[in-house]
Amino acid sequence: MEEKLNKVSGESGFYGFLKDRNLLAFFEKPYYILFGFGEGDFQRFIEMRIGATSHEMHSTVLGLLFYYGFIPFLILC
């Protein structure tokens, strides 16, 4: 918990949190919100130069919206 709080309150601020959770991809490629990026092969993040790392977006509603797209997301909700 302390490590996470340091990332948010450190010199990088909220950007550190976004980078840690790999949520930068959500803001860099917002058009995937419409039709989805797909979940699974996280090497695509590197190949397509999306986000800060090659890892999945961590357990967020934004991750679900990015992976599945708008209409499947609404059905899920």
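I will try to describe carefully the structure that is included in this document. Note that the structure is a prediction, hence the values are computed from the model and not measured.

1. Some words on helix H6 (residues 61-68)
Right, on to step 1. Within H6, the full set of buried residues consists of Gly63, Leu65, Phe66 and Tyr67.
Right, on to step 2. Taken from the residues just after H6, Gly69 is the one with a positive phi, measuring 90°.

2. Notes on the nonpolar core
Right, on to step 1. Membership of the largest hydrophobic core comes to 13 residues, with the highest contact counts inside it found for Phe26, Met57, Leu65 and Phe66.
Right, on to step 2. For this core, the secondary-structure elements that each account for two or more residues are helix H3 (24-28), helix H4 (32-35) and H6.
Right, on to step 3. With residues up to four places along the chain from it excluded, the contact list for Phe26 reads Ile33, Met57, Leu62, Leu65 and Phe66.

3. Description of the packing of aromatic side chains
Right, on to step 1. Applying the stated criterion across every chain yields a total of 9 aromatic pairs.
Right, on to step 2. Between Tyr31 and Tyr32, the aromatic rings sit 4.8 Å apart at their centres with planes inclined by 45°, giving tilted as the arrangement.
Right, on to step 3. Every member of this aromatic cluster is reached through a ring pair, and the members are Phe26, Phe27, Tyr31, Tyr32, Phe35, Phe37, Phe66 and Tyr67.

4. Quick look at the environment of Leu18
Right, on to step 1. Its place among the elements puts Leu18 in helix H2 (residues 14-20).
Right, on to step 2. Relative accessible area serves as the criterion here: at 12%, Leu18 is assigned to the buried category.
Right, on to step 3. Sequence separation of Leu18 and Val8 is 10 residues, and the distance between their C-alpha atoms is 8.9 Å.

What counts, and at which threshold
- Residues numbered from 1 in each chain as written.
- Predicted model: local features only at pLDDT ≥ 70, side-chain atom pairs only at ≥ 80, totals over all residues.
- Heavy atoms only, no water.
- Buried < 20%, exposed > 50% of the residue type's maximum accessible area, 1.4 Å probe, protein only.
- Helix = DSSP H or I, 4+ residues; strand = E, 2+ residues; numbered from the N terminus.
- Core = buried A, V, L, I, M, F, W, Y, C linked by side-chain atoms within 4.5 Å.
- Contact = heavy atoms within 4.5 Å.
- Phe/Tyr/Trp six-rings, centres within 6.5 Å; stacked < 30°, edge-to-face > 60°.

Bear in mind that shape data such as this cannot, by itself, settle questions of function.
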